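Chain by chain, the residues:
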Amino acid sequence: MQWGERYELGIARMDETHREFIEYCNALTAAAPENFLACLDAFIAHTAAHFDQENRWMEAVDFPACHRAEHDRVLEVMREIRQRVEKNDLFLGRRLLEELPPWFDNHVDTMDAALAFYLKEISFDTESGALPANQSAAHARSAQGCGCSAHAPGADTKKLFQ
Ligand SMILES: [Fe+2]
Ligand SMILES: [Fe+2]
């Protein structure tokens, strides 16, 4: 995977985390079989922190929950595959690496883009996690969609391993 402008959503911390996601994905792709599990563990730990970070922002602004549910689902898939890799099923580990890039492209393009757009619109400070003084969680409830296909017709949520 290669970082490109299309991934830039204008929130420095989010963009940096997404850059790292690509680096971890590439490191896992290049990993020798004997290092695969360790690289996968590092990737899963980073992904858990990546998703937690977005989940905290969403909670702070009372954002629709489907985005968090999508994070939970993907982490579950990654952890299940990790168990299989531990039992020497590298095939599924390699399959994960085929599925993750298109999933990530779509997720950044839809759910993360919708979240970034909204956070910028309400001037949410991702460093402090604080809403501006004139904003409130009640205002946040009026958010127009979370970027998932249920809330934004036309936004196609590609399914990982489905
Ligand atoms: Fe993200
Ligand atoms: Fe996300």
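Residues numbered from 1 in each chain as written. Chains lettered and ligands numbered in written order. Predicted model: local features only at pLDDT ≥ 70, side-chain atom pairs only at ≥ 80, totals over all residues.

(A) Quick look at the overall build of the protein. Helix and strand counts for the protein stand at five helices and zero strands. Reading the secondary structure of the protein in the N-to-C direction produces α-α-α-α-α. Within the protein, buried positions represent 26% of all 162 residues. Here the contacts in the protein between residues at least 6 apart in sequence split such that 71% fall between residues at least 24 apart. (Helix = DSSP H or I, 4+ residues; strand = E, 2+ residues; numbered from the N terminus. Buried ≥ 20, exposed ≤ 12 C-beta atoms within 10 Å, placed from the backbone. Contact = placed C-beta atoms within 7 Å.)

(B) Looking closely at helix α1 (residues 12-30). Taking 1.5 Å of rise per residue, the 19 residues of α1 would be expected to cover 27 Å, and the 27 Å separating its terminal C-alpha atoms lies within 8% of that figure. The set of residues buried in α1 consists of Met14, His18, Phe21, Tyr24, Cys25 and Leu28. An end-on view of α1 places all buried positions within 115 degrees of arc, on one side of the element. Every exposed residue of α1 that faces more than 90 degrees away from the buried side is listed here: Ala12, Glu16, Arg19 and Ala30. Packing partners of the buried residues in α1 comprise α2 (36-60) and α4 (90-121). (Expected span 1.5 Å × (residues − 1). Arc of directions from axis to C-beta.)

(C) Broad picture of α2. Taking 1.5 Å per residue, 25 residues should reach 36 Å; α2 reaches 36 Å between its end C-alpha atoms and fits that length. Of all the residues in α2, the buried ones are Leu40, Phe43, Thr47, Glu54, Trp57 and Met58. For α2, the secondary structure elements touched by its buried residues are α1, α3 (66-86) and α4. Backbone geometry just after α2 places aspartate 62 at a positive phi near 60 degrees.

(D) How the structure looks around the packing of α1 against α4. Running from N to C, α1 and α4 point in directions that differ by 175 degrees, and their axes come no closer than 12 Å. When the interaxial angle is binned, α1 and α4 end up roughly antiparallel. Contacts between α1 and α4 involve Met14, His18, Phe21, Cys25, Leu28 and Thr29 from the former and Leu97, Leu100, Pro101, Phe104, Val108, Asp112 and Ala116 from the latter. For the contact of α1 with α4, a count of residues per class yields 10 nonpolar, two polar and one charged. (Axes fitted to C-alpha atoms, helices over the stretch in contact; angles between N-to-C directions. Parallel < 35°, antiparallel > 145°, perpendicular 65-115°, else oblique. Nonpolar A, V, L, I, M, F, W, Y, C, P; charged D, E, K, R; others polar.)

(E) Here's a closer look at unusual backbone geometry. A positive phi angle, near 60 degrees, is found at aspartate 62, a position not held by glycine. Inspection of the secondary structure assignment puts aspartate 62 in the loop between α2 and α3. Given 16 C-beta atoms within a 10 Å radius, aspartate 62 is considered partly exposed. Notably, serine 123 is not glycine yet its phi reads approximately 55 degrees, a positive angle.

(F) Molecular detail of the packing of α3 against α4. Direction vectors running N to C along α3 and α4 enclose 170 degrees, while the axes themselves pass 11 Å from each other. What the angle tells us is that α3 and α4 run roughly antiparallel. Residues His67, Glu70, Val74, Met78, Ile81, Arg84 and Val85 of α3 lie in contact with α4, whose contacting residues are Leu90, Leu92, Gly93, Leu96, Trp103, Met111 and Leu115. For the contact of α3 with α4, the per-class residue count stands at 10 nonpolar, two polar and two charged.

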